[in-house]
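This is what each chain is made of:
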Amino acid sequence: AAGVIQSPRHLIKEKRETATLKCYPIPRHDTVYWYQQGPGQDPQFLISFYEKMQSDKGSIPDRFSAQQFSDYHSELNMSSLELGDSALYFCASSGEHVTEAFFGQGTRLTVV
Amino acid sequence: QKEVEQNSGPLSVPEGAIASLNCTYSDRGSQSFFWYRQYSGKSPELIMSIYSNGDKEDGRFTAQLNKASQYVSLLIRDSQPSDSATYLCAVNTLGGYNKLIFGAGTRLAVHP
């Protein structure tokens, strides 16, 4: 069965650079979530989209923005990267009415 | 107070024993409850979902929900070394229709 696809899997950026993370949800899933997970920490909710509209916002820095496109894929844009942005970034998707959410493999971002 | 709380562990159990993982949540209106398993450096994997009071069994896993006490638990019977992982409790909060809030996770170690 198709799963959530994230790209790239690994990304190394320098401070103050920009990064774009992509997420392709499971087919027919209309909700996408983004989470940030630092080493030894629980996943922190960043933002979610439902039917291409932002539906909820968590602890997403102003330097980050995200959107969901007409094909339901989502992109997380991160600017002015800081060392503290180094983390695993997970995308998850779910169907209507928030049933189970399934995670992608994640993108490991390292800021040097 | 965190919205979703778990004991961080580690919880150490011998192989073949029952592992009991607990989670409490603060939003009384929460409707959906999930348990995820996460191996180090990997993405969370959904193992159980529960929506109504009582028990739900799936193989060696049993989820228990008590909305009056705002408490959800996961029992793992016949624990195996391969069950050693971090178990994340996730709750869909009433305030955010498309937002799953995670607990910090409980690290489980099953020793032979």
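All of these numbers come straight from a predicted model, not from anything done at the bench. (Residues numbered from 1 in each chain as written. Chains lettered and ligands numbered in written order. Predicted model: local features only at pLDDT ≥ 70, side-chain atom pairs only at ≥ 80, totals over all residues. Heavy atoms only, no water.)

A. How the structure looks around the pattern of salt bridges. Residues and elements named next belong to chain B. This model, assessed by the stated rule, comprises six salt bridges over all chains. Residue arginine 60 pairs with aspartate 83 through a salt bridge whose shortest N-O separation is 2.9 Å. Of the two residues, arginine 60 is situated in the loop between strand E6 (54-58) and strand E7 (61-66) and aspartate 83 in the loop between strand E8 (71-76) and strand E9 (85-92); the sequence distance between them amounts to 23 residues. For arginine 60, a relative accessible area of 27% corresponds to the partly exposed category. We classify aspartate 83 as buried; its relative accessible area is 1%. (Salt bridge = Lys/Arg side-chain N within 4 Å of Asp/Glu carboxyl O. Helix = DSSP H or I, 4+ residues; strand = E, 2+ residues; numbered from the N terminus. Buried < 20%, exposed > 50% of the residue type's maximum accessible area, 1.4 Å probe, protein only.)

B. Highlighting the sheet that holds strand E7 (residues 64-68) of chain A. All names here are of chain A. What the four strands build is an open sheet, ordered E1-E3-E8-E7; its pairing is antiparallel. Of all strands in the sheet, those with a lone pairing partner are strand E1 (5-7) and E7, marking the two edges. Looking at each pair of strands side by side, their axes are set apart by 15° on average, direction ignored. As paired elements, E1 and strand E3 (residues 19-24) share three bridges and run antiparallel to each other. Across the sheet, serine 7 pairs through a bridge with lysine 22, a residue of E3. (Pairing = 2+ DSSP bridges. Axes fitted to C-alpha atoms, helices over the stretch in contact; angles between N-to-C directions.)

C. Quick peek at the nonpolar core. Formed by 24 residues in total, the largest nonpolar core has its most connected members in Trp35(B), Val72(B), Leu74(B), Ile76(B) and Tyr87(B). Breaking this core down by element, the ones donating at least two residues are strand E3 (19-25), strand E4 (32-38), strand E5 (45-50), E7, E8, E9 and strand E11 (106-111) of chain B. Ignoring any residue separated from it by four or fewer positions in sequence, one finds Leu74(B) in contact with Ala19(B), Ser20(B), Leu21(B), Trp35(B), Ile47(B), Met48(B), Phe61(B), Thr62(B), Ala63(B) and Tyr87(B). One finds Ala19(A), Val32(A), Leu46(A) and Leu76(A) within the second-largest nonpolar core, a separate group that totals 22 residues. (Core = buried A, V, L, I, M, F, W, Y, C linked by side-chain atoms within 4.5 Å. Contact = heavy atoms within 4.5 Å.)

D. Molecular detail of the state of the cysteines. Residues and elements named next belong to chain A. Considering all chains together, one arrives at two disulfides over all chains under this definition. Two residues share a disulfide in this structure: cysteine 23 and cysteine 91, whose sulfurs sit 1.7 Å from each other. Across the S-S bond linking cysteine 23 and cysteine 91, the dihedral sits near -50°, which makes this disulfide left-handed. With cysteine 23 in strand E3 and cysteine 91 in strand E9 (residues 87-94), this residue pair connects regions lying 68 residues apart in the sequence. Taken as a pair, cysteine 23 and cysteine 91 share a single burial class, namely buried. (Disulfide = S-S within 2.5 Å.)

E. Just the pairing of E3(A), in detail. Residues and elements named next belong to chain A. Going residue by residue along E3, you find Ala19, Leu21 and Cys23 tucked away on one face and Thr20, Lys22 and Tyr24 left uncovered on the opposite face. Sheet topology places E3 next to strand E8 (residues 74-78); five bridges connect them, and they run antiparallel. Among the inter-strand pairings, lysine 22 is bridged to a residue of E8, identified as glutamate 75.

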